[in-house]
Structure formats: structure tokens, C-alpha cells
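Residues per chain, in single letters:
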Amino acid sequence: MRYLPLTPDDRSAMLAAIGAKSIDDLFVDVPAAARREGFVDLPRVAGELEVERALGAMAGKNVAAGSVPFFCGAGAYKHHVPATVDHVIQRSEFLTSYTPYQPEIAQGTLQYLYEFQTQVANLTGMPVANASLYDGSTAMAEGVLMATRVTRRNKAVISGGVHPHYVAATETVVHAVGVETQVLSAAVDAEAEVIGQIGPDTACVVVQTPNVFGTATDVTKIAEAAHAAGALLIVVVTEAVSMGLLKSPGEMGADIVAAEGQSIGNALNFGGPYVGLFATREKLIRQMPGRLTGETVDADGERGFVLTLSTREQHIRRDKATSNICTNSGLCTLAFTIHMSLLGETGLRRLALLNHEAAVKTRDALATLPGVEVLTPRFFNEFAVRLPKPATEVVERLAERRILAGVPYGRLAPSAGMDDVLLVAATEITTDADIAALKSALAEVL
Amino acid sequence: MSTMNTVGRPTTPNAVDHDYKHPTLTGGRGLLQDEHLIFESDGWGKTGVDLPEPKGDASDLGDLVRRDPIGLPGLSEPEAMRHYVRLSQKNHAIDLAIYPLGSCTMKHNPRLNEKMARLPGFSDIHPLQPQSTVQGALELMDQLAHWLKTLTGMPAVALSPKAGAHGELCGLMAIRAAHEAKGEHAQRRKVLVPTSAHGTNPATAAFVGYTVVEVAQTEDGRVDVADLASKLGPDVAAIMVTNPNTCGLFERDILEISRLTHEAGAYFYCDGANFNAIVGRVRPGDLGVDAMHINLHKTFSTPHGGGGPGAGPVVLSEALAPFAPAPWVVSDGEGFRLEEFAEGEATQAFGRLCAFHGQMGMYVRALSYMMSHGSDGLRQVAEDAVLNANYVKARLQDLMSPAFPEGPCMHEALFDDEWLKGTEVTTLDFAKAMIDEGFHPMTMYFPLVVHGAMLIEPTETESKQELDRFIEAMRALAQAAKAGDVERFKGAPFHAPLRRLDETRAARSPVLRWTAPEGSNIAAE
């Protein structure tokens, strides 16, 4: 087996050095009833070529986004990732290292994490960010739990504009510890509705902008209302590129930002791995979940970086930790930070504008189709339309024509009664030809 | 005598005093560059991505548009490449040398897996595309599930947890849901966790709202069954036991432990971080396990990536299977489909753990790894991993003190700091001196139950030659410590990119981000 360096002679010599007669001597502690002789019922060793053929055949059955006109979003976005990104993240020193437990030989990782934290803080308009969580949805759950610790209150008011899967992932976790959630009904322009629901027991208000229907909202007034009631405002962002064009959550008064960073540097990957961005205000640092990198000096006074404030974390605090998270999204943060360094502010703003323009063009094209009603008034790169037919059926028929037309809202929330709503996203990869193809194919099936 | 080539260039080194040392004038050291932060470059207006000029200004968005500077420097492509390559050279990596972090299973990461994960049919598909357009992806998930279930002897698996700790969360949520279904949740509020457990175990139990009760350990490094039995009762929801445990030992009484647990009406959560030691030889399903997470980034070689992404699928027993979270793949003969909601036939599912279907990129890599090994190769993995650890233990035990000298260890060899007594050298000092010798230290000060613990996990992908090189270095260092060469340890590392870092200072007044120096006009937050 090509990954196993020991030869039969090595094994014999090593057993002799140990003083064991056979490998079975090393497994004596396994109860006899649980020892298995022979191989489990699975195929035997396979060469590279065989594995490539088998997996290549599976990959070949899928329709890759890059091979068709593509308009899917709803929390995962296809952007162009510069070639440099994927090259650098495959360098051995990044790919095959682990959590920087020994900072003297992990400054490469620690420095990029420190740069990542600064980029995320500036992008979200917040004072501090952590070194990542698993994804945007788990970041939202962690945000709600953190808000309950900070406020010592027990209820989260969640806007009807928050991605239904984010709500489900959050409720699954926070209900287990008795945190109450109030989720308002889904609506395209739902965010302001939360204001009327804030009460003295509200730990946090969760809003999303742009929301799952694409609506971009100025949440400043929501922040004011939350703060007046002693609650925190959590702003969810599922499309990180939007912050290159829209007012940042920090600017609008967010206390916690829980965002999905996949859009920058990371492929679609059928939903994972992605990278959760988590940022907050300075005074809340010690209640934050996840790893943090901080600046310090070495014994010679040279600047260096270390993991810090680990007394919040599970390996020190065990059952008193702020979260159970250990391994996070290391390599995805590297992809994010490289892509962001290449873009810079100039590139990010331009990229964001191009996204917006592509979406506006797509909207304008679809708006002319009879029976299609555009629902989202102000959006970044994604909007909702109402179709005269169930969106799932339309999407399937367009897929047969090799067009991936978007995400039916009903796929996210089957019981919301919005089966005729389709979420359509466009990015810098969307061409005029793609838009024309979508429009004409839609015209045929509607 | 110096020799010269034809243009007068000396071709032998000058004879100089070998002890002459001086700091360099620039901070660089040979191949190691002194690399500044991206924020300290001159790239505030630069970009390394050529994009077309946008036509509009997004005036349709009015006052929603971000006006203030964001504070993101840009780098041209060559500058970016240098920045990250320079940083990379300050990292230790498996591809450089043995990385014997106990409990982390730092094994070789096959590049075939990277290649497979990057096939557009896997990397460039959207989680919410019509399922008719991702049949191959669902087939891959179904195949992965089949391998995991077969290897563990368990009937079900939840793929979506994103790392080991997330898998623990999944397992405990399933256990909680099972108790709720039986109407016993209100009284079962405790989770029993051995003192040697990973920190994630008690953290997860607390995260889900359970009270953690510690179980004592025996002299020989195993769960104290009598103590466990005395704490089991109608108020216990589950036990969380790592097997092989964090001392690198197989729990000999594991069948008794699971029997007692089930008798008390509780469930057995197994932390599968150490599955690498037994894959292909022991099936957790035969040990009475009800739920166990599998770190694909440990046993199944998906890269650790500087701290993730991981993946933590959880295998489940018949009793817990109905409570698995959405989504999962169903194969109905016609093809594959995703069950995405805790509704209809899936009403007992405890909910959802993340926005989409989990770590697809890791699934591809793990399946590529498993298919490459096959059932024969995987059994060999466990045997070689255990052999390597026992070899390290055998060859170091005359100089260092094994925490549990009796009997074989499994995939990791655990030493305490008894042998350092009187030397003034601590486990930390010893670890830092290993860095000078070119090795990544073992896991230190864990498990907590062993004083000054040094936990060495070589994995099966180390050759005998590399093990011998490592062992010789460890022996030389151990002898130096015993010989009173304290300076070598106290100041270490001397030869790493940085000297020992001040962690206390970092925590006392945290600086977690770069900020523009006072008086500069650079855009920052």
C-alpha cells in the first residue's frame, strides 16, 4: 500500500525491539469477543488510477456550476477565485500543519490568522473578529448563545428574513439549553418587523442583510431599538462580497456579526467546507467563541503571534468554556485572506459593484416576462421573483435545458406557502449570454 | 589553502571561527525572510485582480452604500505570492518531518485526495441545485456512509457534523432526543465523563445543557468501572468515553462499561478521535457504542489545514438512528435524494446542525483515502500505527518514564515528567528543545491526569528510518537533560523562526488586530 512505509522486515525488527511475538500481542487489551479476524466486507486496496476512475465517474454525473448558465445563491455563491489562492493553500506548510499549538514553528499560520482577523473586523466594520467558526449558520447559533451569556436573558427574536436553514441550525442548538426563539413570518422586507417584538426579556435580535430574499436593509433603527431595550443586535450576512458595497453591520450598530465567508476564496463544494466569520465589540471579547490570535513578543523582543484568551476555550475550561469548538476552518480562512489580499479595497469594491450590476441586469431581463413579478425592491446580487407556477417545477424544467435558474424558496421552507417564489442570484461570472439564456428558457416553460 | 576557479572566485569556504555569531542587519536569516503584515505594505490602493470597470455606481441603493474607507490593503499577484510563501516557511508540516501530536493523528495527506476533491463535479456544485443534477454527489455521500457504517459495524451515520466537537454535539443531541422520546429527559440530566477526556467532551455536554460528572481513572490508566457503576443511575443520560482512550490505552472493560451503561438506561457516546488505532480490527458496534464521531481529518487523512476544516460524521446505533439530524441521503433504487427536513418520515430527527449537507470536500478526500487502502490496507493502518507507537515507547522507556509501563499501548505512547525530576527541565522546556532539533513536539500537558504529560502519536505513515531519527533525537535530548545541560532547554528554541513567545503578555492586554499607527492617515476601522 503506497501510503505505508513499513516493510515486512521493518515490522519484524520492530516487534523484536518491542519484545512482541506478533502484532496480535499489541492488541491483547481488546476483549476477545470484539476482536475481528480477517478483513471487513469492503473492496481491497486500489491504485490511483482505479480510484480516479471510480470517483471521476461520480463527479461526471453532476452538473458543475461553471458549465451552465448559473443563478443559484441562497447562502452559497459562485465567484471567480484567482489561481494563486488554490496554489498557496496547497503548499505543504499550510495544508499539512495543524492548529498552531507551538507558536515558534507556526508563525506562518498565526500571522495569516491575525491578518484574517483584521480583514474580517474591517470588512464587517467591527472592532474584533475571531479566527473563524465552521460556517455562517453555526456562527449565528454561537452568536445567539453568546448574547444570552452577555445579557443574562433567554430569548432571541429572529427576523423572517433570516435564511431558514440558519434558523433551523440555530434553534436546534439553542433550544437544547432552554433558549427561547421567536421567529417572525417570512417576508421579503421583513427586517423592520422585529422592532415591535423586542421586550425586556430579549437577549438579542437577529436580522440578515441582504436577507434570504435578497433585500438589503439599513438596520440602524433596529440596533437603536434593541439597545434601548438592553438587547444585542446580531447581523447575519450570507454573502460576504456584499460588504464591499453596502454599509457595514458595524456602521449600522451591530453587536455581533455572524457571516458566511465562502464567497471570498472558497469554492461552492456542495455546501462545505465553508468559513464562519464572527466579529463583535471590544468589550465582549471574553464571551466570544472560537480561537483568537493575538500579538506578543518573543524572548528577544521580536514581534510574534500566539493563540490567546484560551481560558475561554474547551481545552482549558472544559465544561465552563464559551463553546465546544476546537478544529475550525483553518484552510478556508487562508483562502479567504489570500483572495481578500489580492482584491484589496479597490478590487473588493469593484467586485461588489459588478455583482450588483449583474443582478440588476438579470432582474431587468426577468421583469419583462409576463407572469413574473419581481419581489425584492433593493438588493445586492440576489432577488426574489414570484412565478406563475411552482418554482421547483420550473427549476427542474430549466435544469433539463442545462440552466440552473436559482433556488426555490420552498426548498428552504416547504411549509411557508411560498412555493411560487424563486431566489435568483447573479455574480461577476454571470454573462449577458447567461441572462439571455435564462430569460428565453423561462419564457418557454412559464 | 583556498582554491580559485578561472575568474578568481574562491571555491572553498574561508576558515573562520565557528562560534562567531551576529544578528543579521535586516532581520532576515538565510532563507527565512522577515515578513511584515499586509497592512504594513504600501498597497492601500492596489489590487491584484483585474476586473472590468463597472458601469454604474449603485445609486439605486441610495444611502445603503458604504462610503467610508473599509481598510483593506491590496497586493499585486507577485507580492501576494511572496507574502504567503514567506509565511509558509515559518510553519512546521507533516510533509517536512514527523508531527507526533498525540490525539491529533497527523498522518500523510495523499495528494490524490486533493485532486479528487477539486474535480468540478464535486467542488463546483451548489448545495441547493436540483437533486437531479447532483446524483453523483449524493452517490458519493451514500458510498462514504456505507464505508463508515461497515468499518464501525453501526447501522446509521449522520454525515453533516463539521468537526469532531460538532460530532459530539450531534451525538449528544441524538441521545437527548431519544430520552425525550421515552419521556425521561427531565430526570436524565447528567453526563459521565472520565477525567482523562478531551476538553471538548465536557464542553459539549455542558453546551447541550447537561451537568458533567467526572469518572475516576484506575492506576493503569483506564476508566474506574466501580466508580462509573456507582455514578450510573436514572439521572444519567450518557457516558462519554474515548476508546482507545487519551492515555493511548484500550479500555479492557469496555464491554462491561457498555453493559452497565445500558442497564442504567443511559447511552454510550464514544469519542472516536482515536479510531485510527483500531480501524479494520475492531468495530465500535461490537463494543456496545451508541454514537461515535469519526474525525475524517484524523483517521481518514483529510488535511488538518492549520486548524481545519475538519469533518465529524457520527455513526449511530439502532436506538439512536431515528433521531439523526437532517439532511441525509436516501437511495430508493431509482436514484438518490436528500431528506432535508425533520418532517414526514423523518419526524424524529432532532433538527439540523448546519446550513447545508456538511463537509462535502472532506467526504471526497476521505472516500478517496478509504478506497485507496481498501479493507486490507485499513487494517494495516491500525496495525502499523500501533506498532510505531509501541516501538517509540520501547526505545524511549529506559530514559523517559512511560505513564503506564505495563502492557502495550495502542497508537500513542504516553510519558509523564517523573524522569525529569531534579533536572530543572520541564515538559515545556523539553518540547521547545525538540523544536531546535527540527521536530514538532508531541502533545504536552494532556491528558490532564498525567503530570507533565508527553503524548506521542507517530501514526502509520512514518517510516522506521524517520522513527529512528526521531527516537535518536529524543534520546540525545533526554541524556542532555539528565546531564545538567539546562541552558539548552530553558532558552529553547534558539533555532526556530522566533524564540519562545510571551503568552501571558498576549492574554493580559489582548491585541487581536492590526490598527493604524497614531497620526497615520491610513484607512483603518
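Another aspect to go through is the overall build of chain B. Along the backbone of chain B there are 13 helices and 13 strands. For the C-alpha atoms alone, the extent of chain B along its principal axes is close to 85 × 75 × 50 Å. Sorting the 525 residues of chain B into buried and exposed places 58% on the buried side. Put simply, of all contacts in chain B between residues at least 6 apart along the chain, 72% involve residues at least 24 apart.

A few words on the domain arrangement of chain A. All names here are of chain A. As assigned here, chain A comprises domain 1 (65–80 + 345–445) and domain 2 (83–338). A separation of 27 Å is found between the C-alpha centroids of domain 1 and domain 2. Counting residues at the interface gives 28 residues for domain 1, matched by 24 residues for domain 2. Elements with a minimum of two residues in the side of domain 1 that touches domain 2: α10 (330–367) and β11 (382–386). Here the side of domain 1 that touches domain 2 is composed, by residue class, of 18 nonpolar, six polar and four charged.

Each side of the interface is counted separately: chain A has 164 residues, and chain B has 175 residues. Take the side of chain A that touches chain B: its biggest share by element is 20 residues, from α10 of chain A. Taken together, the residues of the side of chain A that touches chain B break down into 84 nonpolar, 48 polar and 32 charged.

Okay, unusual backbone geometry next. All names here are of chain B. Looking along the chain, the bond that leaves Ala-326 and enters Pro-327 is cis, with omega of 0°. In this fold, Pro-327 is placed in the loop between β7 (314–316) and β8 (328–331). In this structure, the amide linkage connecting Ala-492 to the following residue, Pro-493, adopts the cis form with an omega of 0°. With respect to the element layout, Pro-493 can be found in the loop between α12 (487–490) and α13 (503–508). Here Ser-103, not a glycine, exhibits a phi torsion of approximately 80°, which is positive. For Ser-103, the location among the structural elements is in the loop between α1 (77–88) and α2 (111–117). Judged by the 21 C-beta atoms lying within 10 Å of it, Ser-103 is buried. Backbone geometry places Tyr-445, a non-glycine residue, at a positive phi of 60°.

Residue and element names in this part refer to chain A. A sheet is described by the order of its strands in space; here four strands give the open sequence β10-β11-β13-β12, paired in antiparallel fashion. Two strands in the sheet have a free side with no partner beyond their single neighbour: β10 (373–374) and β12 (407–408). Where β12 lies against strand β13 (residues 421–425), two bridges are found, and the strand directions are antiparallel. The partner of Val-407 across the bridge, within β13, is Leu-423. Across the face of the sheet, α10 comes into contact with β10, β11 and β13 while running at roughly 10° to β11.

What follows deals with the packing of helix α4 (residues 135–152) of chain B against helix α9 (residues 360–396) of chain B. Residue and element names in this part refer to chain B. Closest axis-to-axis distance for the α4/α9 pair is 10 Å, and the angle between their directions is 45°. Here α4 lies oblique to α9, going by the angle between them. Considering the relative orientation of α4 and α9, their crossing is left-handed. On the side of α4, the interface is formed by Ala-137, Leu-140, Met-141, Gln-143, Leu-144, Trp-147 and Leu-151, while α9 contributes Met-360, Tyr-363, Val-364, Ala-366, Leu-367, Met-370 and Leu-378. Tallied by class, residues from the contact of α4 with α9 come to 13 nonpolar, one polar and no charged.

Residues and elements named next belong to chain B. Relative to strand β9 (residues 336–339), β8 runs antiparallel, the two being bridged by four bridges. Bridge pairing in β9 links Ser-331 to Phe-336. Remark: four residues form the turn of the hairpin made by β8 and β9, two consecutive strands paired antiparallel; Gly-333 in that turn has positive phi of roughly 90°.

Moving on: the confidence of the model for chain B. On average, residues of chain B carry a pLDDT of 94, and 97% of them reach 70 or more. Predicted complex metrics record ipTM = 0.98 and pTM = 0.97.

Below, the discussion takes up the packing of helix α5 (residues 107–124) of chain A against α10 of chain A. Residue and element names in this part refer to chain A. Contact pair α5 / α10: the axes reach a minimum separation of 10 Å and the direction vectors enclose 65°. The pairing of α5 with α10 is recorded here as roughly perpendicular in orientation. Judged by the twist between their axes, the crossing of α5 over α10 is left-handed. Where α5 abuts α10, its residues Tyr-112, Leu-113, Glu-115, Phe-116 and Gln-119 lie against Thr-333, Leu-334, Phe-336, Thr-337 and Met-340.

Turning to α9 of chain B, a few remarks are in order. With 37 residues, α9 of chain B extends only 41 Å from end C-alpha to end C-alpha; this falls clearly short of the ideal 54 Å at 1.5 Å per step. With respect to burial, α9 of chain B is a largely interior element, 36 of its 37 residues being buried.

The next thing to look at is the nonpolar core. In terms of nonpolar packing, the biggest core is built from 323 residues, with Val-205 and Ile-234 of chain A together with Ala-174 of chain B touching the most fellow members. Two domains each donate at least three residues to this core, and these are domain 1 (65–80 + 345–445) and domain 2 (83–338) of chain A. Sequence-distant contacts of Val-205 of chain A, that is, excluding residues within four places in its chain, are made with Val-157, Val-194, Ile-198, Ile-222, Ala-226, Ala-231, Leu-233 and Ile-234 of chain A.

What follows is about the environment of Asp-9 of chain A. Here Asp-9 of chain A is to be found in helix α1 (residues 8–18). Between the C-alpha atoms of Asp-9 of chain A and Arg-397 of chain A, which are 388 residues apart in sequence, the distance is 62 Å.

An α-helix turns once per 3.6 residues; consequently, residues spaced three or four apart project the same way. All names here are of chain B. Burial runs high along helix α10 (residues 427–436): seven of the ten residues are buried. Three or more residues of α10 are buried, namely Asp-429, Phe-430, Ala-431, Lys-432, Ala-433, Met-434 and Ile-435. For α10, the elements touching its buried residues are β12 (443–444), α11 (464–482) and α12. Remark: Gly-438 follows α10 within two positions and exhibits a positive phi of approximately 95°.

What follows is about the sheet that holds strand β4 (residues 202–208) of chain A. Residues and elements named next belong to chain A. Across the sheet, which stays open at both edges, the seven strands sit in the order β1-β7-β6-β5-β4-β2-β3 with mixed pairing between neighbours. Only two strands of the sheet have a single partner each, and these edge strands are β1 (128–129) and β3 (180–183). Relative to strand β5 (residues 232–237), β4 runs parallel, the two being bridged by five bridges. Of the residues in β5, the one forming a bridge with Cys-204 is Leu-232. Here helix α7 (residues 164–176) sits on the sheet in contact with β2 (155–158), β3 and β5, set at roughly 160° to β3.

Rules behind the numbers
- Residues numbered from 1 in each chain as written.
- Chains lettered and ligands numbered in written order.
- Predicted model: local features only at pLDDT ≥ 70, side-chain atom pairs only at ≥ 80, totals over all residues.
- Helix = DSSP H or I, 4+ residues; strand = E, 2+ residues; numbered from the N terminus.
- Buried ≥ 20, exposed ≤ 12 C-beta atoms within 10 Å, placed from the backbone.
- Contact = placed C-beta atoms within 7 Å.
- Domains from an automatic or database assignment.
- Nonpolar A, V, L, I, M, F, W, Y, C, P; charged D, E, K, R; others polar.
- Pairing = 2+ DSSP bridges.
- Axes fitted to C-alpha atoms, helices over the stretch in contact; angles between N-to-C directions.
- Parallel < 35°, antiparallel > 145°, perpendicular 65-115°, else oblique.
- Left-handed = near helix turned anticlockwise from the far one by under 90°.
- pLDDT = per-residue confidence, 0-100.
- Expected span 1.5 Å × (residues − 1).
- Core = buried A, V, L, I, M, F, W, Y, C linked by C-beta atoms within 7 Å.

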